[in-house]
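Topology and contacts: notes
Below are the chains, spelled out letter by letter.
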Amino acid sequence: MTKINNATIELVEGDITEQTTDAIVNPANRALLGGGGADGAIHRAGGPKILEECRKLGGCDTGDAKITTGGNLLAPYVIHTVGPVYRDGKHREAELLANCYRQSLDVALQNGINSIAFPSISTGAYGYPLEAASRIALRTVIEWLREHNGLKLVRFVLFGQRSFNAYSHALKEIATALNQDEAEFVDDSEE
Ligand code: AR6
């Protein structure tokens, strides 16, 4: 657990569909009409209401985010975002991936959401290398939390140990770098 500007960043190994945060983030595709991976699991667990709402959204650009209710999920809202398909790292993949986290957090804030759970966007079917993606995800969220007040909890829900380990390692690295010159950054992940 890491504290930034009164908000907590938490890493857990688990299933995004089981989260009780105000919102969960769906790593979708531009059609927003369902798919495999976490997207498929979210629509299965949430039921047809989410898809019904998605149909009215007219798709979503890569790096952007749109909100629906959570249907039968425990989380009242789903924020759908579209990560980049990883090609070679030279097609704005890093920038687009960072946009997903930023836009999702902006949408959360605009909707009065206090807690949000992210999966590891783009690192499944879209093939983004896990280590690089974990650094972008955490840096972007930390930067955003420093610039905005309102969100209390950002949880990363990592599917499987490999993913959890990559994020844990990245967070330690970032915390160490930040702690060298930032007193307000409190990393109590060892406690
Ligand atoms: N809970 C948490 N994380 C999960 C879950 C789950 N239930 N299931 C998978 N993951 P992916 P992408 C992890 O493929 O790479 C879909 O078909 C998974 O292990 O879900 O952004 C969409 O419709 C990986 O670490 O999303 C799009 O077409 C991470 O979630 C496309 O895949 C992301 O894997 C999006 O690809």
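Described in the following lines is the structure provided in the data block. (Residues numbered from 1 in each chain as written. Predicted model: local features only at pLDDT ≥ 70, side-chain atom pairs only at ≥ 80, totals over all residues. Heavy atoms only, no water.)

1. Quick word on the site of the ligand
Residues in close proximity to the ligand total 20 residues, the closest being Gly 36, Ala 38, Asp 39, Gly 124 and Ala 125. Residue Ile 16 places a main-chain N or O atom 2.9 Å away from a nitrogen atom belonging to the ligand. Protein contacts shield 88% of the accessible area of the ligand, which totals 700 Å² for the unbound molecule. For the shell around the ligand, the secondary structure elements donating two or more residues are strand E3 (23-28) and helix H1 (37-46). Take the shell around the ligand: its biggest share by element is four residues, from H1. Taken together, the residues that form the shell around the ligand break down as eight nonpolar, 10 polar and two charged. (Near = heavy atom within 4 Å. Polar contact = N/O pair within 3.5 Å; in protein donor to acceptor, adjacent residues only side chain to side chain. Areas by Shrake-Rupley, 256 points an atom, 1.4 Å probe, with all protein chains shown as cover. Helix = DSSP H or I, 4+ residues; strand = E, 2+ residues; numbered from the N terminus. Nonpolar A, V, L, I, M, F, W, Y, C, P; charged D, E, K, R; others polar.)

2. Re the nonpolar core
Side chains of nonpolar character tend, in soluble globular proteins, to be buried together. Within the largest apolar cluster, 39 residues are counted, with the highest numbers of intra-cluster contacts made by Ile 116, Phe 118 and Phe 156. Not counting residues up to four positions away in its chain, the partners in contact with Phe 118 are Ile 16, Val 25, Tyr 101, Ser 104, Leu 105, Val 141, Val 154, Arg 155, Phe 156 and Val 157. Ranked by size, the runner-up nonpolar core spans 14 residues in total, among them Ile 24, Leu 73, Ala 75 and Ala 117. (Core = buried A, V, L, I, M, F, W, Y, C linked by side-chain atoms within 4.5 Å. Buried < 20%, exposed > 50% of the residue type's maximum accessible area, 1.4 Å probe, protein only. Contact = heavy atoms within 4.5 Å.)

3. Concerning the environment of Thr 17
As for its placement among the helices and strands, Thr 17 is situated in the loop between strand E2 (7-13) and E3. Separated by 79 residues in the primary sequence, Thr 17 and Leu 96 have C-alpha atoms spaced 24 Å apart. Those residues within four positions of Thr 17 in sequence are excluded, and the remaining contacts are Ala 41, Ile 42, Ala 45 and Leu 73. A distance of 2.8 Å separates polar atoms of two side chains, one belonging to Thr 17 and the other to Asp 15.

4. Details of the packing of H1 against helix H2 (residues 48-55)
Where H1 meets H2, the axes come as close as 6 Å, and the angle between the chain directions of the two elements is 115 degrees. Between H1 and H2, the residues in contact are Ile 42, His 43 and Gly 46 and Pro 48, Ile 50, Leu 51 and Cys 54, respectively. Considered class by class, the residues forming the contact of H1 with H2 number five nonpolar, two polar and no charged. (Axes fitted to C-alpha atoms, helices over the stretch in contact; angles between N-to-C directions.)

5. Some details on the packing of helix H4 (residues 130-147) against helix H5 (residues 161-179)
Between H4 and H5, whose axes approach to 9 Å, the crossing angle comes to 50 degrees. The pairing of H4 with H5 is recorded here as oblique in orientation. For the crossing formed where H4 meets H5, the hand is right-handed. Every residue of H5 that contacts H4 at Leu 130, Glu 131, Ala 133, Ser 134, Arg 135, Ala 137, Leu 138, Arg 139, Ile 142 and Arg 146 is listed here: Arg 162, Ser 163, Ala 166, Tyr 167, Ala 170, Leu 171, Glu 173, Ile 174 and Leu 178. Among the residues forming the contact of H4 with H5, the class breakdown is 11 nonpolar, two polar and six charged. (Parallel < 35°, antiparallel > 145°, perpendicular 65-115°, else oblique. Left-handed = near helix turned anticlockwise from the far one by under 90°.)

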